[in-house]
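Each chain is listed here by its residues.
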Amino acid sequence: MVSLPRGDGRSLNRIDADIIVIGSGPGGAVTASMCAQAGKHVVMVEEGEDLPLESAPHFSREEILQKYRNAGVNIGFGAAKIAYVEGCCVGGGSEINRGLYHRISSEVLEGWKRDFRVDHLSASDLDPHFAACEEIAKVQYLPGPAPQLSTRLEEGARNLGWACLEVPRLYAYSSDMTSGAPGRKQSMSETFVPRFIEAGGVVMSGTCVTGLKRVSGGWAVNARSTNKHNVRHIELNAKTVFVAAGAVQTPWLLRRSGIKENIGNSLRFHPMLKAVALFPDEINTPGELEPVHQIKEFDPRFSMGCSMSKRPALALAMAAYPEMMEAVDRDWRRMAIYYVQSTGGIGRIRALPGFRDPLVRVELQRSDLKELADGLARLAEVLFAAGAEAVYPSIPGYRVLRSLADIGKLPETISPKQANATALHLFSSCPMGEDKHRCATDSYGRVHGVDGLYIADASLLCSPTVVNPQGTVMAVAHRNAMHAVNSGAIR
């Protein structure tokens with residue numbers, strides 16, 4: 001066996017391992033760590049670079065260029081287009097998101113068991129795996145008051161009698177919040193990736209997998225490693241491969257490798273609309289902690305929350321109101337971005353010959369657009385209840401709202417061409433379950449009818465999670481990796 005020297009993987013043309021994990025996000029990092037701790041020789045391949053959390057300020061232009069795929073510009077095409085975001089670095093999406101953390105509801109899990117025939121996936125089945133992940137990646141509530149742009153949302157919900165909660169984060173807060181840094185984000189590069197390396201695992205960053213094929217006794221994974229001076233083509237060989245490249249990249253890679261059964265046909269997401277609220281007083285203070293409140297009154301139809309609202313983000317959210325750019329520069333401390341997100345819409349992922357990126361097509365039905373329109377109206381209502389002077393929907397052609405009466409003038413639905421929706425949560429493109437007519441893998445992530453090939457990311461989640469999905473991705477990956485190790489499926 002040829003082992004990979006850490007830090008010099010680009011000098012080898014062929015690498016042999018017991019297990020190859022493609023992708024280092026929440027699913028890949030948890031899976032790789034579990035397999036390495038079980039004594040397997042594991043190589044984890046990541047297209048993006050290995051960068052520390054401090055390589056760029058969070059949500060800055062520099063971070064977008066360093067850690068986002070295509071500098072954050074990815075489009076799902078259709079009558080109503082969706083702009084979506086993917087991480088592309090060691091740690092994947094966990095490095096760029098806010099780390100808001102939920103355990104998935106028992107109702108959603110029961111739906112997966114019923115509709116997709118997923119075995120052993122009740123809340124009680126999954127709870128030990130949530131707990132195991134939470135021991136490594138700490139989940140904590142804010143140690144003090146939430147920022148004002150977050151508490152204003154809570155105040156508005158309380159005034160209306162709506163259910164609102166503070167969401168914990170994957171974050172280890174400092175015991176002394178006055179001493180400087182508030183703590184450490186519990187991303188994969190801070191938690192599971194170091195455990196993986198300590199267990200003898202090898203990370204190959206800056207290495208793009210271009211295809212995989214079945215060979216005698218296992219799998220050959222073709223990859224391309226790029227540095228400043230050259231491009232080197234590498235073949236990695238292993239008996240077992242876990243694909244954990246995300247809900248878009250995983251089906252793209254499998255389909256271009258000829259593996260297509262129920263792959264990439266059922267992408268789901270949380271379509272999101274945003275609005276900017278202008279308050280009479282300053283609520284957006286530089287240096288404050290990230291907003292953590294979410295309104296759950298209307299779950300599972302839609303939920304609401306607050307986005308990071310730095311001045312550049314505010315300018316982008318106000319792009320539909322070019323006459324307001326000077327006001328943004330002047331009054332940005334009185335402004336904040338809020339969102340409503342639903343569970344509607346479906347998409348397909350295809351690999352086209354000669355194209356570097358996947359083709360993603362999305363469809364929002366009339367009912368989906370009407371649901372988003374209703375959610376936008378409810379968002380404006382709660383913002384006025386929180387004391388907003390004006391609400392600016394981030395939709396081209398929409399007028400500023402200055403009172404509750406203006407909400408009644410909003411269209412009952414949203415035109416597909418105007419939707420201007422985004423999606424941060426992507427899943428369900430390769431659903432797990434025993435229903436072979438609709439599922440890509442079995443209940444534990446093994447691709448149906450294919451030996452030694454697993455999926456280990458958000459692609460497996462059978463439908464929208466309703467809540468932020470990272471915790472569920474980690475718990476399912478932990479469950480599936482433990483099953484693979486304990487059952488002797490990986491050798």
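Scroll up to find the structure.
Described in the following lines is the structure provided in the data block. Predicted model only: the values in this text are computed from it and were never measured. Within any chain, residue numbers begin from 1 and follow the written order of that chain's sequence. Since the coordinates come from a predicted model, pLDDT governs what is reported: local features require at least 70, and pairs of side-chain atoms require 80 or more to be given and counted, while whole-chain, interface and lining totals use all residues. Derived side-chain values reflect all non-hydrogen atoms in the structure, with water molecules and hydrogen atoms excluded from consideration.

**Digging into the state of the cysteines**
Here is the idea: a disulfide is a covalent bond, and it sits between the sulfur atoms of two cysteines. Any pair of cysteine sulfurs within 2.5 Å is marked as a disulfide. Scanning the model with the defined rule gives 0 disulfides in all. You can see C133 has no disulfide; the closest cysteine sulfur is in C35, sitting 13 Å from it. Throughout this description, buried means an accessible area under 20% of the type-specific maximum (1.4 Å probe, protein chains only), exposed means over 50%, and partly exposed covers the range between. Judged by relative accessible area, C133 falls into the buried class, the value being 2%.

**Overview of the pattern of salt bridges**
Throughout this description, the term salt bridge denotes a Lys or Arg side-chain nitrogen within 4 Å of a carboxyl oxygen of Asp or Glu. Scanning the entire structure with this criterion turns up 23 salt bridges. In this structure, R184 engages E54 in a salt bridge whose closest nitrogen and oxygen atoms are separated by 2.1 Å. One end of the pair, R184, is in strand β9 (residues 183-185); the other, E54, is in the loop between β3 (42-45) and α2 (61-67), with 130 residues separating them in the sequence. Judged by relative accessible area, which is 34%, R184 ranks as partly exposed. Because the salt bridges share partners, they merge into one network encompassing R301, E371, D374, R378 and E381. Here a strand is any run of E in DSSP of at least two residues, a helix any run of H or I of at least four, and the numbering for each starts at the N terminus.

**A short note on helix α12 (residues 470-486)**
Multiplying 1.5 Å by the helix residue count minus one yields the expected span of that helix. With 17 residues, α12 ought to run about 24 Å at 1.5 Å a step, and its terminal C-alpha atoms sit 24 Å apart, in line with that. Most of α12 is tucked away, with 13 of its 17 residues classed as buried. Two residues or fewer past α12, G488 is found with a positive phi of approximately 80 degrees.

**A short note on the sheet that holds strand β6 (residues 139-140)**
At least two DSSP bridges between two strands are required for those strands to pair. With antiparallel pairing, 3 strands are arranged side by side in an open sheet as β6-β8-β9. The sheet is open, and its two edges are formed by β6 and β9, each paired on a single side. Here strand β8 (residues 169-173) runs beside β9; their pairing, made up of 3 bridges, is antiparallel. Across the sheet, residue A172 finds its bridge partner in β9, namely R184.

**Overview of unusual backbone geometry**
Put simply, D299 and P300 share a cis peptide bond, and its omega is 5 degrees. Mapping P300 onto the fold places it in the loop between β17 (293-295) and β18 (302-306). Despite not being glycine, F59 shows a phi value in the positive range, around 65 degrees. Inspection of the secondary structure puts F59 in the loop between β3 and α2.

**Details of the packing of aromatic side chains**
Aromatic pairing here means that ring centres of Phe, Tyr or Trp (its six-membered ring) are within 6.5 Å. Orientation follows from the plane angle: under 30 degrees is stacked, over 60 is edge-to-face, and everything else is tilted. Inspection of the entire model under this criterion finds 6 aromatic pairs. Pairing Y321 with Y392 gives two aromatic rings, centres 5.2 Å apart and planes at 80 degrees, and the pair type is edge-to-face. In this pair, Y321 sits in the loop between α8 (311-317) and α9 (325-331) while Y392 sits in strand β22 (residues 390-393), placing the two residues 71 residues apart along the sequence. A residue is classified by how much of its surface remains accessible, and Y321, at 3% relative accessible area, is buried. Residue classification places Y392 among the buried positions, given a relative accessible area of 3%. Members of the aromatic cluster, each reached through a chain of ring pairs, are W162, F298 and F302. Geometrically, a lysine NZ or arginine CZ counts as sitting over a ring once it is within 6 Å of the ring centre and also within 35 degrees of the ring normal. Over the face of the ring belonging to F279 we find R152, whose NZ or CZ atom lies 5.3 Å from the ring centre. The ring of F116 is capped by R438, whose NZ or CZ atom sits 3.9 Å from the centre of that ring.

**Here's the deal with the pairing of strand β14 (residues 240-243)**
With burial as the criterion, each face of β14 is covered, one bearing T240 and F242 and the other bearing V241 and V243. Taken together, the 3 bridges between β14 and strand β25 (residues 453-455) define a ladder with parallel strand orientation. Its bridge partner lying in β25, F242 is registered against Y454.

**Describing the sheet that holds β3**
Strand order in the open sheet formed by 5 strands is β10-β3-β2-β14-β25, and the pairing between neighbours is parallel. Both edges of this open sheet fall to β10 (202-204) and β25, since each of them pairs with a single strand only. Recorded for the sheet is a direction-independent mean angle of 20 degrees between the axes of neighbouring strands. Relative to β10, β3 is paired through 3 bridges, and the arrangement is parallel. Considered in β10, the bridge of M44 is made with V203. Along the sheet, helix α1 (residues 26-37) contacts β2 (19-22), β3 and β14; its crossing angle with β3, the most-contacted strand, is approximately 165 degrees. To get an axis, fit a line to the C-alpha atoms, keeping to the stretch in contact for a helix; angles then go from 0 to 180 degrees between the N-to-C directions. In this description, contact between two residues means that some pair of their heavy atoms is separated by no more than 4.5 Å.

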